[in-house]
Amino acid sequence: MSAEAADRVAAVTSSRPSTPLQTSWFEFLLDGSLLEKHLQKSNPDPTPVQLIVQFLEQASKPSVNEQNQVQPPADNRRNRTLKLLALKVAAHMKWDLDSLEKGLTIPVLNMLLNELLCVSKVPPGVKHVDLDLSTLPPTTAMAVIIYNRWAIRTIFHGCVSVFSPVLLSPQLKEQAADSITVLEGALQLKKDFYVHTLRTLDLLAADAAANGETESSTAGLRISADDLHCQVHYDLGGIFFQQGCTDQPTYEKARDHFRQTKELLKKLDSTVHVHLDEKRLAGYWNACRALTGDCDPCDPQTTPYDQINSLIRAQNYQAVIEAFIKDNVSRSLPNDFRRSVLREFLYKVQQGESGLDEVCHKLCVCNAVRDALEGEILSIRFQQLLLKPSKRMVDFILEVCTRSLEKDRPSETSRRNMAGFMKTLCESLEDLSLVFVVSSHKLFMELLKEEERKVLVEQMRKRSATINLSAKPLPSFYDIPASASVNIGQLEQQLILSLEPRRIRQILIELHGMTERPFWRVNSKWEVPPDYINVILGIKDNLTKDLVYILMAKGLHCISIKDFVHARLLFSACLELVTEFSPKLRQVMLNEMLLLEVRAHETMAAEGSKERPPPDLVSRVRGYLEMRIHDLPLRQVVGEECVAFMLNWRENDYLTLQVPPSLVMNNPYIKLGQLLASTCKELPGPKESRRTAKELWDVVVQICSVSIQHKRNSDGRVGLIKQRESSMGILQRYDDDIVNEVTAEHLSIWPSTLPNIQAVDVEAVAVTVKELVSYALTLNPNNQSWLITQADIYFVTNQYSAALNLYLQAGAVCSDFFTKAVPPDVYTDQVLKRMIKCCSMMNCHTQVAVLCQFLREVDYMTAFKALQEQNSHDAMDSFYDYIWDVTILEYLTHIHHKRGETEKRQIAIKAIGQTELNTSNPEEVLQLAAHKRKKRFLQAMAKLYF
């Protein structure tokens, strides 16, 4: 080995310190003292939660008998010890549910806490609500409390999708109510509590419990009554706050629990046993005070939330607008709160309060500017506002924009985002005179370069603008002379910063003239793919080696930040360089330049370009997939992105018919791409596509499946652990049916059953579907089918307002904003019933009754039940004009007469008396009346929820 090579190897090996071997789970079985030593380390590997997963995974492995039949996990000493080890780790973590929930999946944590119930001798087969905590041993009572704290947190916070909100009725609701009762009972106990520690669990393992020590009043870790009450008050407050959206009075219960939490926190000397987020507690407290009207504007501790709510109650709406503009700079109010304020004003308008339209418009503008500054998508309501704005409104928008930038030194991000907003504003305005109002404004002139302004104004005038950015040809890469040398440190700094190939070569020539060392190591962030490193470092000439490495690394970095102009310059220079001496590296650079062009074109498409890729690029992609060059280093990502490129541009014939079989066999991504292409190609004929779809289905199921023999992931979590059946806990494991609950296109081509659904990581599937649909909607926000699918996802996860918003969007995009009838295949009975459920869960009962008419068969039972509700959060009688079903209107008159509501009864009678609703009218007249009211109702709903 040459001295140079030896130096290089030594440098590489010295820069990579050896990593200590990770302790395996079985070592803790062999050495009883190892666990405590391991947990005392500053950064134990595996981490505590990873150990719990490993221990319980091993303890829950099924066995196979002599007949090769799978049997439940054996109840032997090994498995009992593993479960005890898992409990000891949780005891080391002081049973902190926050940490356990973050690191463990629901099935694993359920199994862990069931084991805690078991070792704590909680009576089996007895419901926790029937236990008298005051008579139980301290560790037993504490185990019951920990389990029920976790139970209600899991049910109401929706930590994992196996507890789909759909399952909360009625069984889980009853179980949750039992848990709340258990915890409220715990608040009545004034004695100290004790929880298991490593020591008490060791005593259990040694059968020392026979003398009663582990159940005595002094065994375990002492938790004072105040500590426990503080934690339980906080948990119960959170649960009641969650329930408040459908049961307003529970906000008062939440407020009382949070008040107790705050008082106990002040009382406690140390909060080591209390695990809560004090910022979240403050947020809950402020929200409860606002929702229950329990806040005083004169209070020196009044928060911005309280101030806004006080201004609204005082009807000082101009001050609210001013507060929103100032908050665009300070950004102290969360966007969700600001949007809720706007919704509150929209409800007031819907209920007939006059003079608030302009307030709504101005708040909408303030929120849109805030969204723009943070790089968020502008709301549909703001986009509708720009359809026919007045000059006064445009002036207000410009005023808000100007006042929303920091006065001294606006950040570069704020300036860039605001410039984008100004461009969007110009592009959205149809009135050319208003465009000139914006384009002549001082802020517009400051934020946009002169060239951008010219191009934008010309586009608004609908005249094509062609700018030829011609430049004379660059000289050859080798024709550039070197200049005088300067300080090495300065040159290295310039080398790091420069993106100009000729300047990079010039700097390297000067550096190599001063000293001989590898300058490709100057910046640790310069990275080239491992596939190429040996080929590049094998270049004999040190200057050329540095140059190739740095040009490639800088080019790859430019691609990663979407600076494709500089990436092309750097790669072109590198290609010119390597062509002179290395056919292998030349092909490598051609492959990387292909990947560059693929990513550049896909980026343009993601930004809204509809231009198809040039035939030359498609041909180069095909050539790469078919390429066969011996001993050529290839990056797998190039092949994968080429396949994705062909799928995106519907080159299905090529993927299904022309890809070499060997390529399909060797690259799973290409195999997946071929199956996707085949299925898409055969979609017009559902029966014919079943075979290919079945094959694709099987591959995807395999991808989404996990086995109990799975290796631990890099974060230590295991995808699936068999759950121990136990009567100790109150939460049973339910099959997650989110997939069955969500509608989508082309469901008919897929198999209707799964042979082994237990092996599928349904949580991962649910997350993937949600992310996929969200991304799809960024590409095509007007796809009604995707909007319905996204709405269904929100529906089954109990986010009713968001679901209704999307159901309305789906109807709007296929009916020209409800000027036409929504097609029945969009608003199916299932969709309409979900919209009804959304309104019902938000206590908008009159909206429920109106929507019941939309069904193929009017649902009178649901409509009548809704109209009986007196606690309605919608505008009630203002919706009567949208009811065309005489039976419902007659029921309304009866209800109001029964309640003595004379004024509302007259409104209902007036609605019945409209001639177009006379049942003697021809069917065409009745249908026209219904269509007109449907259209107006849906438009009114859109104004409320968009």
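An account of the accompanying structure is given in this report.

Conventions and cut-offs
- Residues numbered from 1 in each chain as written.
- Predicted model: local features only at pLDDT ≥ 70, side-chain atom pairs only at ≥ 80, totals over all residues.
- Heavy atoms only, no water.
- Helix = DSSP H or I, 4+ residues; strand = E, 2+ residues; numbered from the N terminus.
- Buried < 20%, exposed > 50% of the residue type's maximum accessible area, 1.4 Å probe, protein only.
- Contact = heavy atoms within 4.5 Å.
- Areas by Shrake-Rupley, 256 points an atom, 1.4 Å probe, with all protein chains shown as cover.
- Axes fitted to C-alpha atoms, helices over the stretch in contact; angles between N-to-C directions.
- Parallel < 35°, antiparallel > 145°, perpendicular 65-115°, else oblique.
- Left-handed = near helix turned anticlockwise from the far one by under 90°.
- Nonpolar A, V, L, I, M, F, W, Y, C, P; charged D, E, K, R; others polar.
- Phe/Tyr/Trp six-rings, centres within 6.5 Å; stacked < 30°, edge-to-face > 60°.
- Lys NZ or Arg CZ within 6 Å of the ring centre and 35° of its normal.
- Salt bridge = Lys/Arg side-chain N within 4 Å of Asp/Glu carboxyl O.
- Patch = residues over 30% accessible without salt bridge, like charges linked within 9 Å, V, L, I, M, F, W, Y side chains within 5 Å.
- Core = buried A, V, L, I, M, F, W, Y, C linked by side-chain atoms within 4.5 Å.
- Expected span 1.5 Å × (residues − 1).

Scanning the chain from N- to C-terminus turns up 45 helices and 4 strands. Relative to its full complement of 946 residues, the chain shows a buried share of 47%. The long-range share in the chain, meaning contacts at least 24 apart out of those at least 6 apart in sequence, stands at 69%. Split by element, the accessible area of the chain, about 48,600 Å² in all, is 52% carbon and sulfur.

At a minimum axis separation of 8 Å, helix 4 (residues 48–59) and helix 5 (residues 77–92) run at an interaxial angle of 160 degrees. Judged by the angle between their axes, helix 4 and helix 5 are roughly antiparallel. The handedness of the crossing between helix 4 and helix 5 is left-handed. In this structure, helix 4 uses Pro48, Leu51, Ile52, Phe55, Leu56, Gln58 and Ala59 to contact helix 5, whose residues at the interface are Arg78, Asn79, Leu82, Lys83, Leu85, Ala86, Val89 and Ala90. Of the residues in the contact of helix 4 with helix 5, the class split is 11 nonpolar, 2 polar and 2 charged.

What follows concerns the packing of aromatic side chains. Counted under the stated rule, the structure contains 21 aromatic pairs. Grouped by ring-pair contacts, the aromatic residues Tyr234, Phe241, Tyr251, Phe258 and Tyr284 constitute a single cluster. When the ring centre of Phe396 is taken as reference, the NZ or CZ atom of Lys362 above it lies at 5.0 Å. Lying over the aromatic face of Phe854, Lys934 brings its terminal NZ or CZ to 5.4 Å of the ring centre.

Turning to the environment of Leu311, a few remarks are in order. If you trace the backbone, Leu311 turns up in helix 14 (residues 304–313). In this structure Leu311 comes out as partly exposed when scored by relative accessible area, which is 22%. As for Leu311 and Ala323, which are separated by 12 residues in sequence, their C-alpha atoms are 9.7 Å apart. For Leu311, the contacting residues outside a window of four places in its chain are Asn316, Ala319 and Val320.

Per the counting criterion, the structure on display carries 36 salt bridges. A salt bridge links Arg392 to Glu358; the nearest nitrogen and oxygen atoms lie 3.0 Å apart. Here the residue Arg392 occupies a position in helix 19 (residues 391–404), and Glu358 occupies one in helix 17 (residues 357–373), the gap between them amounting to 34 residues. For Glu358, a relative accessible area of 33% puts it in the partly exposed group. Beyond isolated ion pairs, a larger network of salt bridges with shared partners links Asp98, Glu101, Arg149, Arg153 and Asp235.

Here we come to a nonpolar patch on the surface. On the surface, Phe26, Leu29 and Leu30 cluster together into a nonpolar patch covering about 300 Å² of accessible area. Within the fold, Phe26 resides in helix 2 (residues 25–30).

The subject of this paragraph is the nonpolar core. Within the largest apolar cluster, 79 residues are counted, with the highest numbers of intra-cluster contacts made by Ile52, Phe55, Leu104, Leu112, Leu133 and Phe258. Looking at which element gives the most residues to this core, the answer is helix 8 (residues 138–157), with 10 residues. Setting aside residues no more than four positions away along its own chain, Leu112 makes contact with Ile52, Leu56, Ala86, Leu87, Ala90, Leu100 and Leu104. Counting 64 residues, the second largest nonpolar core, distinct from the first, contains Tyr807, Phe818, Val826 and Met941.

A few words on unusual backbone geometry. In the segment running from Asp45 into Pro46, the intervening peptide bond is cis, with an omega of 10 degrees. Locating Pro46 in the fold gives a position in the loop between helix 3 (34–39) and helix 4. If you check the backbone angles, Lys121 has positive phi at about 60 degrees while not being a glycine. Relative to the assigned elements, Lys121 resides in the loop between helix 7 (106–119) and helix 8. A relative accessible area of 46% means that Lys121 is categorised as partly exposed. A positive phi angle is found at Arg331, which is not glycine, with a value near 55 degrees. The class for Arg331 is partly exposed, based on a relative accessible area of 29%.

Now for the packing of helix 42 (residues 860–868) against helix 43 (residues 886–899). Between helix 42 and helix 43, whose axes approach to 10 Å, the crossing angle comes to 30 degrees. Comparing their axes, helix 43 and helix 42 come out roughly parallel. Helix-helix and strand crossings are classified by hand; for helix 42 and helix 43 the assignment is right-handed. On helix 43, the residues that touch Tyr860, Ala863, Phe864, Leu867 and Gln868 of helix 42 are Thr887, Ile888, Tyr891, Leu892, Ile895 and Arg899. Grouping the constituent residues of the contact of helix 42 with helix 43 by class yields 8 nonpolar, 2 polar and 1 charged.

On to helix 11 (residues 225–243). End to end, helix 11 covers 27 Å across 19 residues, agreeing with the expected 27 Å (1.5 Å per residue, within 8%). Most of helix 11 sits out of view: 16 of its 19 residues are buried.

The next thing to look at is the environment of Tyr669. Looking at the element boundaries, Tyr669 is found in helix 34 (residues 668–681). Judged by relative accessible area, Tyr669 falls into the partly exposed class, the value being 45%. When residues no more than four places from it in sequence are discounted, the contact partners of Tyr669 are Gln636, Glu640 and Val643.

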